[in-house]
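Residues per chain, in single letters:
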Amino acid sequence: MLKKFTASKLFSVSLRMIKSIFNSIFLLSILISSCNGQNKNAEGQSATAKIIGSTVQQIDKSIWVIFQDKKNNYWFGSNGTGVYCWDGKIIKQYTDKDGLIENRIRGIQEDKSGNIFFDTPIGVSKFDGEKFVSLSPVKSMMSQWKLQEDELWFKGNGDVLGAYRYDGETLHHLEFSDIDSLEHDITHGVYTIYKDKQSNIWFGTLSKGVCRFDGESLKWIYEKELSVLDDGRVPAVRSILEDNEGFFRFSNIISKYKISTSKTKTDLVYEKLPAIDLSKQKSKMVLPYYTSAVMDKENLWMTNYNEGVWNYNGEDLTNYIVMDGEVKVLPVSIYKDNSGGIWVATDNAGVYKYNGSEFVKFGK
(Lines give C-alpha, C1' and ligand atoms only; values in the text may rest on other atoms or scores of the structure.)
Protein backbone atom coordinates (compact mmCIF):
# COMPACT_ATOMS: atom_id res chain seq x y z
CA MET A 1 0.00 0.00 0.00
CA LEU A 2 1.38 3.43 -0.90
CA LYS A 3 1.70 5.94 1.88
CA LYS A 4 0.36 9.41 1.45
CA PHE A 5 2.70 12.36 2.31
CA THR A 6 1.63 15.80 3.14
CA ALA A 7 3.52 18.83 1.76
CA SER A 8 5.12 19.54 5.15
CA LYS A 9 6.43 15.97 5.44
CA LEU A 10 7.84 16.09 1.93
CA PHE A 11 9.61 19.38 2.76
CA SER A 12 11.08 17.90 5.96
CA VAL A 13 12.46 14.84 4.13
CA SER A 14 13.98 17.01 1.38
CA LEU A 15 15.66 19.26 3.97
CA ARG A 16 17.25 16.29 5.73
CA MET A 17 18.55 14.98 2.40
CA ILE A 18 20.08 18.35 1.49
CA LYS A 19 21.81 18.63 4.90
CA SER A 20 23.19 15.10 4.52
CA ILE A 21 24.56 15.84 1.03
CA PHE A 22 26.06 19.17 2.21
CA ASN A 23 27.81 17.51 5.17
CA SER A 24 29.25 14.83 2.89
CA ILE A 25 30.57 17.42 0.43
CA PHE A 26 32.07 19.50 3.29
CA LEU A 27 33.82 16.46 4.83
CA LEU A 28 35.17 15.44 1.41
CA SER A 29 36.55 18.95 0.82
CA ILE A 30 38.39 18.83 4.18
CA LEU A 31 39.96 15.47 3.34
CA ILE A 32 41.05 16.68 -0.10
CA SER A 33 42.48 19.87 1.40
CA SER A 34 44.34 17.91 4.07
CA CYS A 35 45.86 15.53 1.52
CA ASN A 36 46.91 18.43 -0.69
CA GLY A 37 48.58 20.06 2.33
CA GLN A 38 50.47 16.87 3.15
CA ASN A 39 51.64 16.58 -0.44
CA LYS A 40 52.85 20.18 -0.42
CA ASN A 41 54.72 19.60 2.87
CA ALA A 42 56.28 16.44 1.53
CA GLU A 43 57.32 18.23 -1.65
CA GLY A 44 58.70 21.14 0.38
CA GLN A 45 60.75 18.84 2.62
CA SER A 46 62.16 16.91 -0.30
CA ALA A 47 63.14 20.16 -1.97
CA THR A 48 65.08 21.46 1.06
CA ALA A 49 66.41 18.25 2.61
CA LYS A 50 68.74 17.28 -0.23
CA ILE A 51 70.82 14.29 0.76
CA ILE A 52 74.52 14.88 0.14
CA GLY A 53 77.60 12.73 0.58
CA SER A 54 78.34 9.20 -0.56
CA THR A 55 78.41 6.01 1.50
CA VAL A 56 81.78 4.30 1.07
CA GLN A 57 83.41 1.14 2.35
CA GLN A 58 86.72 2.64 3.43
CA ILE A 59 88.56 5.91 3.94
CA ASP A 60 91.44 7.26 1.89
CA LYS A 61 95.04 6.28 2.67
CA SER A 62 96.21 9.89 3.08
CA ILE A 63 94.45 11.17 6.24
CA TRP A 64 95.89 14.24 7.99
CA VAL A 65 93.25 15.15 10.60
CA ILE A 66 91.04 13.21 13.05
CA PHE A 67 88.18 14.71 15.10
CA GLN A 68 85.31 13.33 17.21
CA ASP A 69 82.22 15.51 17.63
CA LYS A 70 79.78 15.80 20.53
CA LYS A 71 77.59 13.06 19.05
CA ASN A 72 80.66 10.77 18.99
CA ASN A 73 80.88 10.73 15.20
CA TYR A 74 84.46 10.51 13.92
CA TRP A 75 85.62 12.82 11.15
CA PHE A 76 88.69 11.94 9.07
CA GLY A 77 90.12 14.80 7.00
CA SER A 78 92.09 13.70 3.96
CA ASN A 79 94.80 15.30 1.86
CA GLY A 80 92.80 15.40 -1.34
CA THR A 81 89.61 13.34 -1.21
CA GLY A 82 87.54 15.45 1.16
CA VAL A 83 86.33 14.39 4.59
CA TYR A 84 84.90 11.11 5.91
CA CYS A 85 82.33 10.76 8.70
CA TRP A 86 82.02 7.47 10.61
CA ASP A 87 79.05 7.10 12.97
CA GLY A 88 80.14 3.70 14.23
CA LYS A 89 78.27 1.85 11.49
CA ILE A 90 78.68 3.50 8.10
CA ILE A 91 81.22 5.83 6.49
CA LYS A 92 80.09 8.84 4.46
CA GLN A 93 82.41 10.83 2.23
CA TYR A 94 81.95 14.53 1.50
CA THR A 95 83.87 16.40 -1.20
CA ASP A 96 83.75 19.68 -3.11
CA LYS A 97 80.96 18.13 -5.19
CA ASP A 98 78.82 18.30 -2.03
CA GLY A 99 79.74 21.92 -1.30
CA LEU A 100 82.98 21.46 0.64
CA ILE A 101 85.24 24.40 -0.23
CA GLU A 102 88.33 22.23 -0.80
CA ASN A 103 89.24 18.54 -0.62
CA ARG A 104 92.43 19.01 1.43
CA ILE A 105 91.54 19.21 5.12
CA ARG A 106 93.93 20.86 7.59
CA GLY A 107 91.73 21.21 10.68
CA ILE A 108 88.30 20.22 12.06
CA GLN A 109 86.34 21.95 14.86
CA GLU A 110 82.81 22.06 16.27
CA ASP A 111 80.87 25.02 17.67
CA LYS A 112 78.41 25.05 20.57
CA SER A 113 75.48 24.43 18.18
CA GLY A 114 77.01 21.28 16.72
CA ASN A 115 78.11 22.79 13.40
CA ILE A 116 81.32 21.26 12.06
CA PHE A 117 84.01 23.51 10.54
CA PHE A 118 86.73 22.44 8.11
CA ASP A 119 89.95 24.41 7.73
CA THR A 120 91.50 24.04 4.26
CA PRO A 121 94.35 25.69 2.33
CA ILE A 122 91.91 27.97 0.52
CA GLY A 123 89.29 28.72 3.17
CA VAL A 124 86.81 27.48 5.75
CA SER A 125 83.63 25.43 5.28
CA LYS A 126 80.76 25.19 7.78
CA PHE A 127 78.58 22.05 7.82
CA ASP A 128 75.23 22.08 9.67
CA GLY A 129 74.41 18.42 9.00
CA GLU A 130 72.58 19.12 5.75
CA LYS A 131 74.68 21.53 3.72
CA PHE A 132 78.09 23.19 3.45
CA VAL A 133 78.56 26.96 3.54
CA SER A 134 81.87 28.66 2.70
CA LEU A 135 82.88 31.44 5.09
CA SER A 136 84.13 34.60 3.39
CA PRO A 137 86.93 36.27 5.39
CA VAL A 138 86.83 39.99 6.15
CA LYS A 139 90.11 41.81 6.71
CA SER A 140 89.67 43.32 10.15
CA MET A 141 91.39 46.02 12.18
CA MET A 142 93.34 45.49 15.39
CA SER A 143 90.14 46.10 17.36
CA GLN A 144 88.98 42.63 16.30
CA TRP A 145 91.92 41.00 18.04
CA LYS A 146 89.89 39.85 21.02
CA LEU A 147 89.00 36.75 22.99
CA GLN A 148 85.34 35.79 23.27
CA GLU A 149 83.53 32.74 24.54
CA ASP A 150 82.69 30.07 21.95
CA GLU A 151 84.72 31.68 19.14
CA LEU A 152 86.79 29.55 16.73
CA TRP A 153 90.26 30.19 15.31
CA PHE A 154 91.57 29.00 11.94
CA LYS A 155 95.00 28.86 10.30
CA GLY A 156 93.85 29.91 6.84
CA ASN A 157 95.95 29.45 3.72
CA GLY A 158 99.33 30.28 5.24
CA ASP A 159 100.17 33.05 2.74
CA VAL A 160 99.87 35.83 5.31
CA LEU A 161 101.38 35.86 8.77
CA GLY A 162 98.15 36.03 10.70
CA ALA A 163 95.07 34.04 11.61
CA TYR A 164 91.30 33.92 11.22
CA ARG A 165 88.82 34.36 14.08
CA TYR A 166 85.16 33.37 13.69
CA ASP A 167 82.79 35.00 16.18
CA GLY A 168 79.67 33.16 14.99
CA GLU A 169 78.87 35.74 12.33
CA THR A 170 82.06 37.02 10.72
CA LEU A 171 85.32 35.33 9.79
CA HIS A 172 87.88 38.00 10.70
CA HIS A 173 91.25 37.94 8.95
CA LEU A 174 93.76 39.26 11.50
CA GLU A 175 97.41 40.11 10.84
CA PHE A 176 100.21 40.17 13.39
CA SER A 177 100.80 43.90 13.76
CA ASP A 178 104.23 43.69 15.36
CA ILE A 179 105.82 41.14 13.04
CA ASP A 180 108.07 43.79 11.43
CA SER A 181 109.76 44.35 14.77
CA LEU A 182 111.25 40.85 14.64
CA GLU A 183 114.76 40.61 13.25
CA HIS A 184 114.24 37.63 10.95
CA ASP A 185 113.43 37.86 7.29
CA ILE A 186 111.48 34.65 6.59
CA THR A 187 107.77 35.26 6.86
CA HIS A 188 105.10 32.64 6.50
CA GLY A 189 101.73 31.71 7.84
CA VAL A 190 100.47 29.97 10.93
CA TYR A 191 101.15 26.23 11.22
CA THR A 192 99.17 25.50 14.38
CA ILE A 193 96.75 27.22 16.80
CA TYR A 194 96.27 26.15 20.41
CA LYS A 195 94.07 27.32 23.30
CA ASP A 196 95.70 26.83 26.70
CA LYS A 197 94.09 26.16 30.08
CA GLN A 198 93.76 29.91 30.73
CA SER A 199 92.04 30.40 27.33
CA ASN A 200 95.00 32.23 25.81
CA ILE A 201 95.48 31.58 22.08
CA TRP A 202 98.89 30.43 20.83
CA PHE A 203 100.18 30.49 17.25
CA GLY A 204 103.05 28.38 15.91
CA THR A 205 104.81 29.67 12.79
CA LEU A 206 107.39 28.50 10.27
CA SER A 207 110.33 30.58 11.43
CA LYS A 208 109.01 33.31 13.73
CA GLY A 209 108.70 31.11 16.79
CA VAL A 210 105.48 31.17 18.80
CA CYS A 211 103.08 33.96 19.65
CA ARG A 212 100.55 34.22 22.48
CA PHE A 213 97.43 36.39 22.47
CA ASP A 214 95.97 36.95 25.94
CA GLY A 215 93.04 39.11 24.88
CA GLU A 216 95.02 42.34 25.19
CA SER A 217 98.31 41.98 23.34
CA LEU A 218 100.45 39.70 21.15
CA LYS A 219 103.71 38.51 22.69
CA TRP A 220 106.39 36.38 21.07
CA ILE A 221 108.93 33.73 22.03
CA TYR A 222 111.81 33.47 19.60
CA GLU A 223 114.35 30.76 20.36
CA LYS A 224 116.76 28.97 18.03
CA GLU A 225 114.98 25.61 18.18
CA LEU A 226 111.70 27.36 17.29
CA SER A 227 112.96 28.94 14.07
CA VAL A 228 115.94 28.38 11.77
CA LEU A 229 118.48 25.78 12.89
CA ASP A 230 122.23 26.25 12.55
CA ASP A 231 122.34 23.89 9.57
CA GLY A 232 119.66 25.94 7.77
CA ARG A 233 116.76 23.58 8.36
CA VAL A 234 113.42 25.09 9.32
CA PRO A 235 111.38 22.46 11.24
CA ALA A 236 108.57 24.94 12.09
CA VAL A 237 106.38 24.99 15.19
CA ARG A 238 103.75 22.49 14.06
CA SER A 239 102.50 21.56 17.53
CA ILE A 240 101.82 23.46 20.77
CA LEU A 241 100.84 21.67 23.96
CA GLU A 242 100.48 22.54 27.65
CA ASP A 243 101.39 19.36 29.52
CA ASN A 244 100.00 17.99 32.78
CA GLU A 245 102.61 19.88 34.81
CA GLY A 246 101.88 23.22 33.16
CA PHE A 247 104.96 23.29 30.91
CA PHE A 248 104.56 24.36 27.28
CA ARG A 249 106.07 22.16 24.60
CA PHE A 250 106.64 23.60 21.15
CA SER A 251 107.04 20.82 18.60
CA ASN A 252 110.37 19.52 19.94
CA ILE A 253 111.85 17.51 22.82
CA ILE A 254 114.82 19.82 23.33
CA SER A 255 113.17 22.34 25.64
CA LYS A 256 110.04 22.97 27.63
CA TYR A 257 108.85 26.38 28.77
CA LYS A 258 107.43 27.70 32.01
CA ILE A 259 105.39 30.79 31.22
CA SER A 260 105.39 33.49 33.88
CA THR A 261 102.20 35.16 35.04
CA SER A 262 104.07 38.50 35.15
CA LYS A 263 102.63 41.01 32.72
CA THR A 264 104.74 43.34 30.58
CA LYS A 265 103.81 45.56 27.68
CA THR A 266 106.11 43.92 25.13
CA ASP A 267 107.85 40.74 26.25
CA LEU A 268 106.50 37.36 27.26
CA VAL A 269 108.29 36.34 30.44
CA TYR A 270 109.28 32.67 30.46
CA GLU A 271 111.84 30.16 31.68
CA LYS A 272 113.34 27.66 29.24
CA LEU A 273 114.22 24.25 30.71
CA PRO A 274 115.67 21.01 29.28
CA ALA A 275 112.93 18.61 28.20
CA ILE A 276 113.95 15.04 27.26
CA ASP A 277 117.63 14.10 27.57
CA LEU A 278 118.29 11.74 24.64
CA SER A 279 121.63 10.70 26.12
CA LYS A 280 119.72 8.82 28.81
CA GLN A 281 117.28 7.13 26.42
CA LYS A 282 117.51 3.77 24.63
CA SER A 283 115.20 5.06 21.87
CA LYS A 284 116.58 8.18 20.21
CA MET A 285 114.98 10.55 17.74
CA VAL A 286 117.21 11.29 14.74
CA LEU A 287 115.54 14.69 14.48
CA PRO A 288 114.16 15.68 17.93
CA TYR A 289 111.06 17.33 16.48
CA TYR A 290 107.48 16.13 16.10
CA THR A 291 104.51 17.17 13.98
CA SER A 292 101.74 16.61 16.54
CA ALA A 293 101.32 15.79 20.24
CA VAL A 294 98.65 15.00 22.85
CA MET A 295 98.66 14.18 26.57
CA ASP A 296 96.76 11.36 28.23
CA LYS A 297 96.66 10.98 32.03
CA GLU A 298 100.35 10.18 32.34
CA ASN A 299 101.99 10.12 28.90
CA LEU A 300 103.08 12.51 26.19
CA TRP A 301 102.30 11.07 22.75
CA MET A 302 104.05 12.46 19.64
CA THR A 303 104.21 11.74 15.91
CA ASN A 304 107.32 12.04 13.81
CA TYR A 305 106.71 11.66 10.07
CA ASN A 306 109.69 9.40 9.31
CA GLU A 307 110.18 7.85 12.74
CA GLY A 308 106.70 6.68 13.77
CA VAL A 309 104.90 7.34 17.05
CA TRP A 310 106.65 8.23 20.31
CA ASN A 311 105.55 7.91 23.92
CA TYR A 312 107.19 9.62 26.91
CA ASN A 313 106.03 8.65 30.42
CA GLY A 314 108.22 11.16 32.24
CA GLU A 315 111.23 8.86 32.31
CA ASP A 316 111.38 6.59 29.28
CA LEU A 317 110.98 7.42 25.61
CA THR A 318 109.37 4.58 23.61
CA ASN A 319 109.18 4.38 19.84
CA TYR A 320 106.37 2.63 17.92
CA ILE A 321 107.19 1.85 14.30
CA VAL A 322 103.79 1.16 12.76
CA MET A 323 103.68 -1.09 9.70
CA ASP A 324 101.01 -1.55 7.03
CA GLY A 325 102.04 -4.96 5.82
CA GLU A 326 105.61 -4.42 4.63
CA VAL A 327 105.22 -0.65 4.30
CA LYS A 328 106.28 1.71 7.07
CA VAL A 329 103.45 4.02 8.10
CA LEU A 330 104.08 7.79 7.90
CA PRO A 331 102.22 9.53 10.77
CA VAL A 332 100.98 13.09 10.27
CA SER A 333 98.99 13.82 13.44
CA ILE A 334 97.88 12.24 16.70
CA TYR A 335 94.50 12.71 18.38
CA LYS A 336 92.84 11.90 21.72
CA ASP A 337 89.12 11.16 21.39
CA ASN A 338 86.24 11.82 23.81
CA SER A 339 86.99 8.63 25.75
CA GLY A 340 90.75 9.16 25.91
CA GLY A 341 91.53 6.80 23.02
CA ILE A 342 94.70 7.58 21.04
CA TRP A 343 94.41 7.75 17.24
CA VAL A 344 97.00 8.40 14.55
CA ALA A 345 96.35 9.90 11.09
CA THR A 346 98.86 8.84 8.45
CA ASP A 347 99.91 10.05 5.04
CA ASN A 348 100.01 6.62 3.41
CA ALA A 349 97.97 4.08 5.38
CA GLY A 350 94.75 5.62 6.68
CA VAL A 351 94.03 5.74 10.42
CA TYR A 352 95.29 3.71 13.39
CA LYS A 353 94.11 3.38 17.01
CA TYR A 354 96.17 2.34 20.02
CA ASN A 355 94.73 -0.76 21.76
CA GLY A 356 96.97 -0.65 24.83
CA SER A 357 99.93 -2.41 23.32
CA GLU A 358 100.04 -1.60 19.61
CA PHE A 359 98.42 0.53 16.90
CA VAL A 360 95.68 -1.25 14.94
CA LYS A 361 94.50 -0.07 11.54
CA PHE A 362 90.95 1.31 11.33
CA GLY A 363 88.66 -0.90 9.29
CA LYS A 364 90.38 -4.19 10.08
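The structure presented is a predicted model; accordingly, all values stated were derived computationally and were not measured. (Residues numbered from 1 in each chain as written. Predicted model: local features only at pLDDT ≥ 70, side-chain atom pairs only at ≥ 80, totals over all residues. Heavy atoms only, no water.)

A. Region of interest: the overall build of the protein. When you go through the protein residue by residue, the secondary structure sums to one helix and 31 strands. Within the protein, the fraction of its 364 residues that count as buried is 46%. For the protein, the proportion of contacts with a sequence separation of at least 24, taken over those separated by at least 6, is 47%. As displayed, the protein has an accessible area near 20,400 Å², and 52% of this comes from carbon and sulfur atoms. (Helix = DSSP H or I, 4+ residues; strand = E, 2+ residues; numbered from the N terminus. Buried < 20%, exposed > 50% of the residue type's maximum accessible area, 1.4 Å probe, protein only. Contact = heavy atoms within 4.5 Å. Areas by Shrake-Rupley, 256 points an atom, 1.4 Å probe, with all protein chains shown as cover.)

B. Structural view of the nonpolar core. Counting 27 residues, the largest nonpolar core has Trp75, Phe76, Ile108 and Phe118 as its most contacted members. Only β2 (63–68), β3 (74–78), β4 (83–86), β5 (91–94), β7 (116–120) and β29 (342–346) provide two or more residues apiece to this core. Top contributing element to this core by residue count: β2, with four residues. In contact with Ile108, other than residues within four places in its own chain, are Val65, Phe67, Trp75, Gly77, Val83, Ile116, Phe117 and Phe118. Counting residues in hydrophobic clusters, the runner-up holds 24 residues, among them Phe250, Met285, Met302 and Trp310. (Core = buried A, V, L, I, M, F, W, Y, C linked by side-chain atoms within 4.5 Å.)

C. Structural view of the layout of surface pockets. Each pocket or cavity is described by its volume, and for the second largest pocket that value is around 320 Å³. Around the second largest pocket sit 16 residues that line it, and Gln198, Asn200, Arg212, Ser260 and Thr261 are the ones nearest its centre. Of the residues that constitute the lining of the second largest pocket, the class distribution is three nonpolar, six polar and seven charged. (1 Å grid on protein atoms, 1.4 Å probe; cavity = no way out; pocket = protein on both sides within 12 Å on 5 of 7 lines; lining within 4 Å. Points joined across faces, edges and corners; volume = space filled by probe spheres on them. Nonpolar A, V, L, I, M, F, W, Y, C, P; charged D, E, K, R; others polar.)

D. Looking closely at unusual backbone geometry. A positive phi is found at Asp150, a non-glycine position, where the angle reads about 70°. Mapping Asp150 onto the fold places it in the loop between β10 (137–139) and β11 (152–154). Exposure remark for Asp150: the relative accessible area of 40% places this residue in the partly exposed category. Even without glycine at this site, Ser199 takes up a positive phi of about 70°. Topologically, Ser199 is positioned in the loop between β14 (190–195) and β15 (201–205). A relative accessible area of 39% means that Ser199 is categorised as partly exposed.

E. Here's a closer look at the sheet that holds β2. The strand order across the open sheet formed by five strands is β1-β5-β4-β3-β2, and the pairing between neighbours is antiparallel. Every interior strand has two partners, whereas the edge strands, β1 (54–56) and β2, have only one. The average undirected angle you get between the axes of adjacent strands in this sheet is 25°. (Pairing = 2+ DSSP bridges. Axes fitted to C-alpha atoms, helices over the stretch in contact; angles between N-to-C directions.)

F. How the structure looks around the environment of Ala349. Checked against the element boundaries, Ala349 lands in the loop between β29 and β30 (351–354). Assessed through its relative accessible area of 2%, Ala349 is described here as buried. A sequence separation of 27 residues divides Ala349 from Val322, and the C-alpha atoms of the two residues are 9.8 Å apart. Filtering out sequence-adjacent residues up to four positions away, Ala349 remains in contact with Lys61, Asp324, Val329 and Lys361.

G. A look at the pattern of salt bridges. Per the counting criterion, the structure on display carries twelve salt bridges. As a salt-bridge pair, Asp150 and Lys112 come within 3.7 Å of each other at their nearest N and O atoms. Highlighted residues: Asp150 in the loop between β10 and β11 and Lys112 in the loop between β6 (107–110) and β7, separated in sequence by 38 residues. You can call Lys112 exposed: its relative accessible area is 62%. Two residues, Lys131 and Asp128, come together in a salt bridge whose shortest N-O distance is 2.7 Å. What makes Asp128 partly exposed here is its relative accessible area of 35%. Taken together, the shared-partner salt bridges in this structure form one network comprising Glu223, Glu225 and Lys272. (Salt bridge = Lys/Arg side-chain N within 4 Å of Asp/Glu carboxyl O.)

H. The arrangement of the sheet that holds strand β8 (residues 123–127) in detail. Taken together, four strands build an open sheet; the order of strands is β6-β7-β8-β9 and the sheet is antiparallel. Edge positions in the open sheet fall to β6 and β9 (132–135), since each of these has one partner strand only. Averaged over all adjacent pairs, the angle separating strand axes in this sheet is 25°, with direction ignored. Summarising the sheet, β8 and β9 pair through four bridges and their orientation is antiparallel. Counted as the bridge partner of Ser125 is Ser134 from β9.

I. Molecular detail of the packing of aromatic side chains. This model, assessed by the stated rule, comprises 36 aromatic pairs. Ring centres 4.4 Å apart and planes at 25° place the aromatic pair Phe127 and Phe132 in the stacked group. Per residue, the accessibility class of Phe127 equals that of Phe132, and both read buried. Three or more aromatic residues joined by ring pairs make a cluster, and in this case those are Trp145, Trp153, Phe176, Phe203, Phe213 and Trp220. Above the plane of the ring of Phe247 lies Lys256, whose end atom (NZ or CZ) is 4.3 Å from the centre. Note that Lys258 overlies the ring of Phe247, its terminal NZ or CZ placed 5.3 Å from the centroid. (Phe/Tyr/Trp six-rings, centres within 6.5 Å; stacked < 30°, edge-to-face > 60°. Lys NZ or Arg CZ within 6 Å of the ring centre and 35° of its normal.)

J. View of the environment of Tyr290. Along the polypeptide, Tyr290 turns up in the loop between β21 (270–274) and β22 (292–295). A relative accessible area of 3% places Tyr290 in the buried class. Placed 16 residues apart in sequence, Tyr290 and Asn306 show a C-alpha to C-alpha distance of 9.8 Å. With sequence-adjacent residues up to four places away left out, Tyr290 is seen in contact with Ser239, Arg249, Phe250, Ser251, Asn252, Ile253, Met302 and Thr303.

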